[in-house]
Structure formats: C-alpha cells, structure tokens
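The primary structure of each chain is shown beneath.
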Amino acid sequence: MSLTQQIITKLAPQEKPYEVRDDRIKGFLLRVQPTGRKSYIVEYARGKRVTLGDAAILTLTAARNAAIEVLGKAAQGIDPMAERKREKAATFAEFITKHYEPWCKTHHRTGDDAKRLRSVFVDLLEKPLPDLNPWLIEKHRKRRKDEGAAETTINRDLATLKAALNRAVDWGLISENPIKPVKQIKTDRTGVIRFLSPDEESRLMAVLDKRHDHLRPMVLVSLHTGLRWGELVGLTWDDVDMTQKRLTVRGSGAKSKQTRHIPLNKIALEALAEWRQGKAKAGLVFPGKVGVMDNVNKAWSRALAEAEITDFRWHDLRHSFASKLVQAGVDLNTVRELMGHSDIKMTLRYAHLAPEHKAAAVAKLVG
C-alpha cells in the first residue's frame with residue numbers, strides 16, 4: 001500500500017498495535033497504537049528501527065524524507081540508532097555536573113574528585129560519554145607528561161576517571177566503560193619515602209617547643225599516630241579517650257571508610273592533654289577559624305625553614321610514623337592496621353626499612 005494522508009487519517013485504532021507498510025520506500029511504515037496514536041517508523045536493518053515522529057505533527061512528506069536520510073546512512077555503514085544515541089548522550093562535563101558531583105558529595109566527604117576531573121581532563125569535557133576512548137586518553141597522558149606531570153599523578157587521575165565512568169555504567173548512561181582497556185603507567189611503587197631523620201626531628205622539636213599555638217600539638221599527634229591531614233583536622237574530643245589512652249578514627253572520616261583505633265603513646269597523650277587545658281571539652285580538637293581547619297601552610301613552612309629541613313611535606317609526618325615503627329621491628333601487618341591501609345601493598349613500601357629481616361634470611365644460606 002502506498003501511504004497517503006487520506007489513508008493515514010482513515011486508519012482506525014484496534015485492540016492491539018498494528019503497522020501499515022509503504023510501497024514507495026522499503027522499510028518505511030506507520031504504526032497505529034490502540035490509543036489512536038500514529039507514528040512514522042523506518043526499518044533500516046533486521047530488527048533495527050528508528051522512530052521518525054508522531055504522524056499528528058510530522059507531515060508524510062517530511063517523514064519520507066527523514067526515512068530516506070536514515071536509509072542512506074545505513075547504506076554507508078553508519079548505524080543511525082547508534083548515531084542518535086550518541087547525539088543524545090550527555091557530554092563528560094554534563095555527566096560530572098548532573099550525576100557524578102552530586103553523588104560524590106553524598107558518598108564522599110567532599111566533591112573533590114569531580115573538581116579534579118574538571119580541572120585535569122579539560123580536553124575531554126565536551127566529548128559525549130560514548131566517544132571517550134583509549135586513544136584520547138593516550139593523547140591526554142602524553143600531553144600531561146610533556147607538561148611535566150609525575151607518572152604517579154597521571155595514574156591517580158586515570159584511576160579517578162575510570163571510577164567515575166564505572167558509575168556511569170552502573171547508572172545506565174553508557175553500556176560499558178569506554179576506557180577500561182587503558183592500563184596504568186608502570187612506576188616504581190616503592191620509590192623514595194621521605195621521613196625525618198633523628199637529627200631533623202630534634203631540630204623540628206626544638207623549633208616547635210618555642211611555639212604556644214596549635215602547630216606543635218598537631219605535629220606531635222601526626223608524628224605519633226600517623227593520622228592523615230583530613231583525619232587530624234576532623235578529629236573531635238569525643239574521639240579522644242584519655243583514660244584508655246587511644247583515639248578513634250571514624251569510618252566516616254577515613255579514606256578506607258573503616259573505623260580504626262590508635263593507641264596514644266606518652267608524647268601524643270601529653271601533647272593532647274596540654275592542648276586541651278582551658279578549652280572546650282567538645283567539638284573539633286584542632287578547629288579552624290570557621291569550621292574545619294583548612295591548612296597550616298605558612299606556620300609549617302616557617303617552622304621547617306627555621307629547623308633547616310627541606311623537601312618535607314606535612315604528609316611525610318605520616319611516612320615518618322610508619323618508618324619509625326618498621327625500623328623498631330614492628331611487623332608490617334600491625335603497621336598496616338595503625339596506618340589504616342586497606343591493602344598490605346601500601347604498607348610494603350616501608351619493608352626495606354627493616355633490612356635485618358633480609359639479612360637474617362640470607363644468613364641462613366651459610367652453613
């Protein structure tokens with residue numbers, strides 16, 4: 001039957017949907033629903049169709065022209081349905097704003113991962129999600145390396161991107177992670193761990209002993225508990241048990257999301273007790289001017305300069321904690337538990353600091 005506007009108008013709805021095919025264009029048809037709604041459709045391959053529009057809105061001539069365009073693309077090897085999905089797909093930027101950032105703010109303490117994706121992957125922001133591919137990532141990595149970015153930083157950013165796209169798969173926005181095949185750059189995972197030497201620690205303590213502000217107790221607690229910065233500034237007095245001599249890092253504020261308990265040695269306990277004198281017995285242990293403390297960069301930099309300590313970050317206090325434990329003969333699994341590592345591989349970075357174990361092992365070869 002050659003469809004005409006008169007025929008289309010006369011077609012009445014039935015109990016079940018039915019279709020009327022057009023003789024003039026192969027694959028072009030009209031579908032009539034029991035509700036009376038009529039839609040133009042073009043079938044461009046077995047089992048593959050594109051709905052062109054509502055017959056009450058789209059004219060027969062316009063529908064035929066649209067059908068010819070779809071069939072023409074199919075003849076060129078272009079899948080019209082896949083193309084339409086791509087056109088409707090959210091860009092990477094839209095995905096971050098509408099989906100990923102709200103999720104991060106709900107499930108993480110901050111939306112930092114979303115912010116990081118925006119700032120690092122600027123060249124991908126306007127790409128539709130399905131168009132992201134390994135080649136784009138390789139070009140991005142080369143550019144980052146040429147700009148001087150560390151390989152460990154590039155790997156961390158790739159892990160963040162993969163995690164975000166895995167969420168897009170979970171939410172049905174894409175069928176699969178388009179960059180799943182991309183492997184991380186192989187790096188020296190042990191690397192050089194910076195920690196305070198005994199002489200550096202003595203010089204730093206001498207400088208801090210002259211101060212009467214928050215920096216001294218913050219350094220001492222970090223150096224003797226291994227707390228991360230976020231764990232330290234999020235610590236409340238309710239988390240500090242002076243009687244049992246331990247502090248609690250709650251899962252809600254821990255990187256691993258697991259609660260852990262850290263014993264307080266004499267130095268950490270005295271630092272906290274001295275800091276607590278005359279202060280409120282509730283709330284944050286180290287509060288900022290408004291809410292959580294942001295940073296201590298200026299005071300920290302001045303203290304390091306006065307102590308003549310170079311190439312040392314705040315996070316290296318945590319490395320110092322773990323390094324001193326290993327050097328004192330504490331087993332790696334205990335170090336892992338105190339550090340809050342979810343994987344022993346992270347703790348193994350400190351294994352080389354206990355050379356006596358390797359020396360004892362090779363000594364067994366001697367009769």
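Throughout what follows, the structure given in this document is the object of discussion. (Residues numbered from 1 in each chain as written. Predicted model: local features only at pLDDT ≥ 70, side-chain atom pairs only at ≥ 80, totals over all residues. Heavy atoms only, no water.)

### Section: the nonpolar core
Then, number 1: Among the nonpolar cores identified, the biggest contains 50 residues, and Leu204, Leu215, Val219, Phe286, Trp300 and Trp314 are the most heavily contacted of them.
Then, number 2: Elements with a contribution of two residues or more to this core: helix 8 (198–208), helix 9 (215–225), helix 10 (229–233), strand 6 (246–249), helix 11 (266–276), helix 12 (297–306), helix 13 (316–327) and helix 14 (332–339).
Then, number 3: For this core, the element with the highest residue contribution is helix 9, accounting for six residues.
Then, number 4: When residues no more than four places from it in sequence are discounted, the contact partners of valine 219 are Leu204, Met205, Leu208, Trp300, Trp314 and Leu317.
Then, number 5: The next biggest cluster of nonpolar side chains, apart from the first, holds 25 residues, and it includes Phe92, Phe95, Leu132 and Leu165. (Core = buried A, V, L, I, M, F, W, Y, C linked by side-chain atoms within 4.5 Å. Buried < 20%, exposed > 50% of the residue type's maximum accessible area, 1.4 Å probe, protein only. Helix = DSSP H or I, 4+ residues; strand = E, 2+ residues; numbered from the N terminus. Contact = heavy atoms within 4.5 Å.)

### Here's the deal with the sheet that holds strand 1 (residues 18–21)
Then, number 1: Strand order in the open sheet formed by four strands is 1-2-3-4, with antiparallel pairing between adjacent strands. Each edge of the open sheet carries a strand with a single partner, namely strand 1 and strand 4 (48–54). Adjacent strand axes in the sheet meet at a mean angle of 30 degrees, parallel and antiparallel pairs treated alike.
Then, number 2: Where strand 1 lies against strand 2 (residues 28–32), four bridges are found, and the strand directions are antiparallel. Note that in strand 2 the partner of valine 20 across the bridge is leucine 30.
Then, number 3: Along the sheet face, helix 2 (residues 60–75) touches strand 2, strand 3 (38–45) and strand 4 and points at about 20 degrees away from the line of strand 3. (Pairing = 2+ DSSP bridges. Axes fitted to C-alpha atoms, helices over the stretch in contact; angles between N-to-C directions.)

### A short note on the pattern of salt bridges
Then, number 1: Within the structure shown, the criterion is met by 27 salt bridges.
Then, number 2: Of the charged contacts, one joins glutamate 43 and arginine 49 as a salt bridge, the two residues approaching to 3.2 Å between their closest N and O atoms.
Then, number 3: A residue is classified by how much of its surface remains accessible, and arginine 49, at 27% relative accessible area, is partly exposed.
Then, number 4: For arginine 141, the salt bridge is made with glutamate 138, and the minimal N-O distance between the two is 2.9 Å. (Salt bridge = Lys/Arg side-chain N within 4 Å of Asp/Glu carboxyl O.)

### With respect to the sheet that holds strand 6
Then, number 1: On the basis of which strands lie adjacent, the open sheet formed by three strands has the order 5-6-7 and antiparallel pairing. With partners counted over all chains shown, the strands left at the sheet margins are strand 5 (240–241) and strand 7 (260–263), one partner each.
Then, number 2: Sheet topology places strand 5 next to strand 6; two bridges connect them, and they run antiparallel. Bridge pairing links valine 240 to leucine 247 in strand 6.

### Some points on the side chain of aspartate 239
Then, number 1: In this structure, aspartate 239 sits in the loop between helix 10 and strand 5.
Then, number 2: We classify aspartate 239 as buried; its relative accessible area is 8%.

### Focus on the pairing of strand 3
Walk down a regular strand and you will see the side chains alternate between the two sheet faces.
Then, number 1: Counted residue by residue, strand 3 has six buried out of eight residues, so it is predominantly covered.
Then, number 2: With five bridges joining them, strand 2 and strand 3 adopt antiparallel strand pairing. The residue bridging valine 32 from the neighbouring strand is lysine 38, located in strand 3.
Then, number 3: Here strand 2 folds back onto strand 3, and the loop between the two strands holds five residues, one of which, glycine 36, carries a positive phi near 100 degrees.
Then, number 4: For strand 3 and strand 4, the ladder comprises six bridges, and the chain directions are antiparallel. When the sheet's bridge partners are listed, glutamate 43 is paired in strand 4 with arginine 49.
Then, number 5: Hairpin connection from strand 3 to strand 4: two residues lie between these consecutive antiparallel strands, with glycine 47 at a positive phi of about 75 degrees.

### Description of the side chain of aspartate 54
Then, number 1: By the element assignment, aspartate 54 lies in strand 4.
Then, number 2: At 2.8 Å, the side chain of aspartate 54 forms a polar contact with the backbone nitrogen of alanine 56.
Then, number 3: For aspartate 54, the residues in contact, after removing those within four places along its chain, are Arg37, Lys38 and Ser39. (Polar contact = N/O pair within 3.5 Å; in protein donor to acceptor, adjacent residues only side chain to side chain.)

### Things to note about empty space enclosed by the protein
Then, number 1: Evaluated as defined, the whole model comprises one cavity of 30 Å³ or more.
Then, number 2: One number sums up the size of the largest cavity: a volume of about 40 Å³.
Then, number 3: Every residue lining the largest cavity is listed: Phe121, Ile137, His140, Arg141, Ile154 and Leu158.
Then, number 4: Within the residue set of the lining of the largest cavity, elements represented by two or more residues are helix 6 (134–146) and helix 7 (151–170).
Then, number 5: Residue contributions to the lining of the largest cavity peak at three residues, all from helix 6.
Then, number 6: Residues belonging to the lining of the largest cavity are distributed by class as follows: four nonpolar, one polar and one charged. (1 Å grid on protein atoms, 1.4 Å probe; cavity = no way out; pocket = protein on both sides within 12 Å on 5 of 7 lines; lining within 4 Å. Points joined across faces, edges and corners; volume = space filled by probe spheres on them. Nonpolar A, V, L, I, M, F, W, Y, C, P; charged D, E, K, R; others polar.)

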